[in-house]
Amino acid sequence: VQLQASGGGLVQAGGSLRLSCAASGRTLRNGVMAWFRQAPGKEREFVAAIRWNGGNTYYADSVKGRFTISRDNAKNTAYLQMNSLKPEDTAVYYCAAGYSLILSTMRQIRAYDSWGQGTLVTVSS
């Protein structure tokens, strides 16, 4: 599956952004879409994931209550609504897709075999 991420930008602390990840080339049925992020000088980390079938969602503790992941089946697109943004949310955000993931692997980078190109989110204080 090919992934195209968009929606990043510059926002002030407390503001909101919505990221999009459009998928093509393969059905997302039985798949998981996720967002990861990588801040300068840091390792890539899990942000959120959603099971395409059923819509179950999973979040990192650092974003729980502020970020919401969702999907539009008809558009084959996943979204990450980010509210109450903080300077520490500044990072390049990547969407990823994987198949037949179990709960224990969903937060692991190696579980995903398709990645988007990344979109930069900068939160100013």
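Quick look at the structure, then. Positions within a chain are numbered from 1, following the residues in the order the chain's sequence is written. Per-residue local features of the predicted model are confined to residues with pLDDT of at least 70, and side-chain atom pairs are confined, for both listing and counting, to 80 or more; whole-chain, interface and lining totals are unaffected and use all residues. Computation of side-chain values covers all heavy atoms of the structure but excludes hydrogens and water.

## Comments concerning the packing of aromatic side chains
Consideration 1: Ring geometry is summarised as follows: Phe, Tyr and Trp rings, the Trp one being its six-membered ring, pair when their centres sit within 6.5 Å, and such pairs are stacked at plane angles under 30 degrees, edge-to-face over 60 and tilted between the two. Taken as a whole and assessed by the stated rule, the structure comprises four aromatic pairs.
Consideration 2: Ring geometry for Phe-36 versus Phe-46: centroids 5.7 Å apart, planes at 80°, classification edge-to-face. Note that Phe-36 is positioned in strand β4 (residues 31-38) and Phe-46 in strand β5 (residues 45-51), a separation of ten residues in sequence. Both residues of the pair, Phe-36 and Phe-46, belong to the buried class.
Consideration 3: Taken together, Phe-36, Phe-46, Tyr-112 and Trp-115 form an aromatic cluster joined through their ring pairs.
Consideration 4: Here the basic side chain of Arg-26 rests over the ring of Tyr-99, its NZ or CZ set 3.6 Å away from the ring centre.
Consideration 5: Only lysine NZ and arginine CZ atoms are considered, and such an atom sits over a ring when it is within 6 Å of the ring centre and within 35 degrees of the ring normal. Over the ring of Trp-115 we find Arg-44; its NZ or CZ atom is 5.0 Å from the centre of that ring. Under the scheme used here, helices are H or I runs from DSSP no shorter than 4 residues and strands are E runs no shorter than 2 residues, and both carry numbers assigned from the N terminus. Throughout this description, buried means an accessible area under 20% of the type-specific maximum (1.4 Å probe, protein chains only), exposed means over 50%, and partly exposed covers the range between.

## Things to note about the layout of surface pockets
One way to see where empty space is left: roll a probe the size of a water molecule over the atoms.
Consideration 1: The computed volume of the largest pocket comes to approximately 170 Å³.
Consideration 2: Grid points spaced at 1 Å over the protein atoms alone were grouped into cavities, where a 1.4 Å probe fits but cannot get out, and pockets, open sets with protein on both sides within 12 Å along at least five of seven lines, with lining residues defined by an atom within 4 Å of a point. Lining the largest pocket are 13 residues, and of these Arg-37, Ala-39, Lys-42, Glu-45 and Glu-88 lie nearest its centre.
Consideration 3: Basically, the charged four are Asp, Glu, Lys and Arg, the nonpolar ten are Ala, Val, Leu, Ile, Met, Phe, Trp, Tyr, Cys and Pro, and anything else, Gly included, counts as polar. Its residues placed into classes, the lining of the largest pocket shows two nonpolar, three polar and eight charged. Grid points are joined across faces, edges and corners, and a volume is the space filled by probe spheres set on the points.

## Regarding the pattern of salt bridges
Consideration 1: What makes a salt bridge here is a side-chain nitrogen of Lys or Arg within 4 Å of a carboxyl oxygen of Asp or Glu, nothing more. Per the stated rule, a full pass over the model turns up four salt bridges.
Consideration 2: When the shortest N-O distance is used, the salt bridge between Glu-45 and Arg-37 registers 2.7 Å.
Consideration 3: The residue Lys-64 makes a salt bridge to Asp-61 at a minimum N-O spacing of 3.2 Å.
Consideration 4: By sharing partners, the salt bridges in this structure join Arg-37, Glu-45, Arg-66 and Asp-89 into a single network.

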